[in-house]
Structure formats: C-alpha cells, structure tokens
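So the chains spell out like this:
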Amino acid sequence: MFRTRTPTTRLGAQALTGALLACGLCALGAGRAAATTAPAQRPAVPFSATQPDFNGDGYPDLVIGAPQAAVAGAAHAGYVAVMYGSVDGLALDRRTVISRNTGGVPGSPKPNESFGYAVTSADLDDDGYTDLVVGNSDGPGTRSVILWGGPDGLSGATAVPGSLAATGDFNGDGAQDVALMDTAASSNDDPFGTTAVVWNGPISRAGHPASSYTFGENEKYFDMRAVAAGDLNGDGHDDLVALEYTGEGAYATALYTAGASGLGNGTQLTSEAPPASISLAIGDVNGDGFGDVLMGGGDYGAGRLRIGYGAADGPKPSDQWPVIDQNSPGVPGANESGDGFGASLAVGDVDGDGIEDVAVGVPGETLGTTNGKVAAGNIILLRGSLEGLSGVGAQGVSQDTAGIPGTAETGDHFGGRVALDDVTGDGHADLAGAAPHEDGGNGAVWSVRGTGKGLVAAGALVVGPKGINAPATGAAFGADLR
C-alpha cells in the first residue's frame, strides 16, 4: 500500500526523501487552500513502492539484472548487480554482484536459467532492511530466492517457489507480503498455466512465512507475464494487477482486489490484441492518495500509455482510461510503428512536488532523420500533477542528449528498462535507464540525476558489466531494473 515516509535525519547529510517531499506537499497544499474554498486535505505523500535500501544507510539502491550472462561456464545462467546509493549517487566501486555461484545462494549456475530475469524488493523479514527477490525464466517448477538485506548490504539467501514475484501488504496487517507465481512464457497457442501463492510476512530467513494461501484459481489456465502491486482503492490493502497470456495469441490484464484475507479472485481489466509488449506499474500520478494503474506498450508496436486512475471503488472500466502517446501535446517525438512507447515504465517523484512522475521507455525509437539510428531508443519523463498525467513539461533523454555518456547506435534499445529511485537521497527520484543491447548485447545502464526542474545530464554515470568486473559477453545487463 502507499505509505507515509517518516522524516528522519542523518548525521552529516540532508533529511531523508520523505521529509523533503512532505515540505513540498505543504507548499502545494497552501497553494490549493488559497485558490479554493474549504478544500479537502490531501493525503500524505504516497510512494508506489518502498524504495530499496539494502544496507539501511538511508540512500536507495539500484538492482540490475543480467539474465543472459554466462556464470561459471553455464550459458545464460544470469546474475544481479546491486549498486549502492550515496550522497554522491552511484559509483562503480560501491556494488556487489550475486549469482547462483555466490556463497550462501541456494543452487548452482544452470544453463538458460536466466537468474535476474525479474527482480522485486521489500523488507520481508521486518528487520528494517530491504530484501531482494530474484526470479528467473527457467519455466514451471523452478525456484527463486530472497536475498536478505543487512548493515553490510545483501548477504545470504532463501529459496522460494516460482519465477515471478510482487511485494506488498495484501492483508493490511502492516507486514510486507510476497506473491510468488510459478509461471513461464509459452510460445504455443496454449499457456503453460500459473500457480500463485502469497507468503504473508514477516518471513523468516529459514523460509517460513507467517502464513500462506493460494490465489487466482483461473490462473492455472494462463501465463502471468508481468505484475504490479499497489493500493488502488485506498482501503489499506495492496491490490495486484497482472498481464496474462490467455492462449491463441490473446492477452488480458486482471485485477486481484485485496482485503483482510489478502488477494481475492481476479477480474478482467482489459483485453489485449497481439503483439502485446506491455509493461505495468502502479503509482499515484494525480496526488489523490489512490494508486493508479499504468499500462504501457502494445498498440501494434507504436505503443501508448493508458492510465486507470484509482478511486474508492477502484479504477473505471478500461474503455474510459485516458491515453498518452507520442502524438499527445507536449510529448517528444512522433507516434511511429515499432517505437514501443511504454515498453517499460517506472514511477517516482523526480521534481519533488509531492506527486509521482512516470519514466516511459521507448526502446524502438529511431533517432535522427537522415540514415536514422533505428531502435537506438529514448526515455521520456512525463510529469504528474493534480490534474493527472500529461505531456506538459515532458522531457526526453537518449544517448544523443548532450552530457549523456556514449553515442546512440542502431539497435541499442536505450529505454528497454527504466527505474526511478532517489539514489542521492536529496528528495528527487533519479532515473536509471538501460540499453540491454548496448555493446553487441552486453548491455549498459545510465544513472541520470533528478532535480526540481526534471532530469539533468550533468554528472550522468554509465555502468556496464566490464566496469564492475562482472561477466559481460551477451549478458543483457539491464534486462530488468529495480
């Protein structure tokens, strides 16, 4: 669910993100009070998810999945790299690389397991440190792991069922839970099917949840491809939205509304025509305290962003959701087939106004007009406001942007994945943007600072596998971010 950040001070540093955002919210609230009569009080600043802080130093960290990397001779075994935040942001020498070959991690490197294919995080054992759930794409019956946070960062791991996970407080008891989906991506007309279970927190490091239950009876017929969690109706329980392959080339999204007993049965939100390169996120982009469903991609390759605004009775029917694409006023670029606008999404407050913004990956975008760099890729920042999300003040960032390291090249797919976390602890979410096809498929990730005016290229950092002494060849470094 959305949570208020408690103002916390740190010796020799600024107050944490929540305090800074709360001050920005007070200013906004004052502006509204002057313009209206007896306005309703806005809720405290919401966050779409607790930002990951694995070592508890007050600075959010960045997780980078490299699922195609060879590890200990096993092709496509995969790993994750964790870049630790600081007042100066990310640095190449503050990181850890974890794979099945790391001491304390269950199992051993396995060809084609793609460890790091999907990552999510939350404080699952309720010790004050964020923990990391690392999934894979090895098919039904595989096991993911929880990597445990602590004062020295991530160490130790516990095996959990499934390959895809989402975290949230589904039963509203104040402890973080994890939904674990044993699923895969069928390439046939018939789905493999999904088995879904929720482990209620707190979860012990021995792998024992407080309790557990299965959910999603119909999912045994469908393949879950993507999930996002957040409180859409303001009842204090996180809900779950899932993109599902339903067979015969068709897709749908389902909403699992939560209550005191946790997640219930799913109801269909949308149906999707192929191709369905679709991403999901949940965040509060109009500052009303309700989580909003953000669905990007699809639309036969050009891509678009659809917004299901949350309310006390949940989002409206999907045919009433507003749409933003590259033909919308203020949005950089043009709506073209193959751009993949919205193929990746991330939510965070970049400008510090107390309302969340959205980073939209456009990995198929061609840059330049003469002999253009096809699928070089772009990332567009859309600003949230009291009126909702729009193209007003939108900003584009690519490898052709002055000050961004590197050069845009055909096939880089910059924007293939995005994340928004305040890795500098200054109250502004910073952008992480991945180009998984950079350097012939090795991949790379860029960190770009957020400010009150938006994203600034000055001081941008590029992180590649070679720069952190990790396996590089064909690693798809940045195939997932958290």
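This one's a predicted model, so the numbers in the text were calculated from it and none came from an experiment. (Residues numbered from 1 in each chain as written. Predicted model: local features only at pLDDT ≥ 70, side-chain atom pairs only at ≥ 80, totals over all residues. Heavy atoms only, no water.)

Remarks on the overall build of the chain
When helices and strands are tallied, the chain shows 2 helices and 28 strands. The proportion of buried residues among the 482 residues of the chain is 59%. Expressed as a percentage of contacts within the chain between residues at least 6 apart in sequence, the contacts between residues at least 24 apart total 53%. Accessible area of the chain: about 17900 Å², with a carbon and sulfur share of 51%. (Helix = DSSP H or I, 4+ residues; strand = E, 2+ residues; numbered from the N terminus. Buried < 20%, exposed > 50% of the residue type's maximum accessible area, 1.4 Å probe, protein only. Contact = heavy atoms within 4.5 Å. Areas by Shrake-Rupley, 256 points an atom, 1.4 Å probe, with all protein chains shown as cover.)

Let's talk about the pairing of strand S1 (residues 62-66)
Within S1, 5 of the 5 residues are buried, leaving the element largely enclosed by the surrounding structure. Of the two faces of S1, the one holding Leu62, Ile64 and Ala66 and the one holding Val63 and Gly65 are both buried throughout. Two strands pair when backbone bridges link them, and S1 and strand S2 (residues 79-83) are joined in this way by 5 bridges, in the antiparallel orientation. Bridging across to S2, Gly65 finds its partner in Val80. With 2 bridges joining them, S1 and strand S28 (residues 480-481) adopt antiparallel strand pairing. In the sheet register, Ile64 faces S28, and the bridge partner there is Leu481. (Pairing = 2+ DSSP bridges.)

Quick look at the confidence of the model for the chain
Counting all residues, the mean pLDDT for the chain is 87, and 87% of those residues have values of 70 or more. Taken as a whole, residues 1-49 scores under 50 in pLDDT and shows 87 contacts with residues more than four places along the chain or in a different chain. (pLDDT = per-residue confidence, 0-100.)

As for the sheet that holds strand S8 (residues 164-168)
Sheet strands pair by backbone hydrogen bonding; their relative direction is either parallel or antiparallel. Taking strand neighbours across the sheet as the criterion, the 4 strands line up as S8-S9-S10-S11 in an open arrangement whose pairing is antiparallel. On the outer flanks of this sheet lie S8 and strand S11 (211-215), each paired with one strand and no other. Taken over all neighbouring pairs, the strand axes of this sheet differ in orientation by 20 degrees on average, direction set aside. Bridge count between strand S9 (residues 177-182) and strand S10 (residues 195-200): 5 bridges; the pairing is antiparallel. By the bridge assignment, Leu180 is partnered in S10 with Val197. (Axes fitted to C-alpha atoms, helices over the stretch in contact; angles between N-to-C directions.)

Thoughts on the environment of Gly216
Inspection of the secondary structure puts Gly216 in the loop between S11 and strand S12 (223-230). In the structure, Gly216 is positioned 50 residues away from Gly266 in sequence and 6.2 Å away in space, judged by C-alpha atoms.

Regarding unusual backbone geometry
For the peptide bond that leads from Gly201 to Pro202, omega is 0 degrees, which places it in the cis range. Its location among the elements puts Pro202 in the loop between S10 and S11. Here the phi dihedral of Asn112 falls at roughly 70 degrees; this positive angle occurs in a residue that is not glycine. When you line up the elements, Asn112 lands in the loop between strand S3 (95-99) and strand S4 (118-122). One non-glycine residue with positive phi stands out, namely Glu248, at about 55 degrees. Here Glu248 is to be found in the loop between strand S13 (239-247) and strand S14 (250-259). The class of Glu248 is exposed, set by a relative accessible area of 62%.

Notes on the sheet that holds S1
Read from one edge of the open sheet, 4 strands run S3-S2-S1-S28, paired in antiparallel fashion. Two strands in the sheet have a free side with no partner beyond their single neighbour: S3 and S28.

Focus: the pattern of salt bridges
Taken as a whole and judged by the stated rule, the model has 7 salt bridges. We note a salt bridge from Asp125 to Arg205, for which the minimum N-O separation is 3.0 Å. Separated by 80 residues along the polypeptide, Asp125 in the loop between S4 and strand S5 (131-135) and Arg205 in the loop between S10 and S11 bring together distant segments of the chain. Looking at Asp125, the relative accessible area reads 16%, which means it is buried. Take Arg205: its relative accessible area is 40%, and that puts it in the partly exposed class. A salt bridge links Asp421 to Arg482; the nearest nitrogen and oxygen atoms lie 3.7 Å apart. Residue Asp421 is found in strand S24 (residues 417-421), and its partner Arg482 is found in the segment after S28; the two are separated by 61 residues along the sequence. Assessed through its relative accessible area of 6%, Asp421 is described here as buried. Each of Asp125, Asp127 and Arg205 takes part in one network of salt bridges that share partners. (Salt bridge = Lys/Arg side-chain N within 4 Å of Asp/Glu carboxyl O.)

Some thoughts on the packing of aromatic side chains
If you walk through the whole model with that rule in mind, you get 3 aromatic pairs. Centroid distance Phe215 to Tyr256: 5.5 Å. Interplanar angle 85 degrees. Geometry classified as edge-to-face. Placement of Phe215 in strand S11 and of Tyr256 in strand S14 is noted, with a sequence separation of 41 residues between them. Using a relative accessible area of 6% as the deciding quantity, one classes Phe215 as buried. When the ring of Phe414 is compared with that of Trp446, the centres are 5.3 Å apart and the planes differ by 70 degrees; the resulting orientation is edge-to-face. With Phe414 in the loop between strand S23 (390-397) and S24 and Trp446 in strand S26 (residues 444-451), the pair connects residues that are 32 residues apart, well separated along the chain. Here Phe414 matches Trp446 in class, with each residue buried. (Phe/Tyr/Trp six-rings, centres within 6.5 Å; stacked < 30°, edge-to-face > 60°.)

A closer look at the nonpolar core
In this structure, Leu62, Ile64, Tyr79, Val445 and Phe477 are the most contacted members of the largest nonpolar core, which totals 22 residues. Mapped onto this core, the elements with two or more residues apiece are S1, S2 and strand S25 (430-435). Ignoring sequence-local partners within four residues, the contact set of Ile64 consists of Tyr79, Val80, Ala81, Met83, Val445, Phe477, Gly478, Asp480 and Leu481. (Core = buried A, V, L, I, M, F, W, Y, C linked by side-chain atoms within 4.5 Å.)

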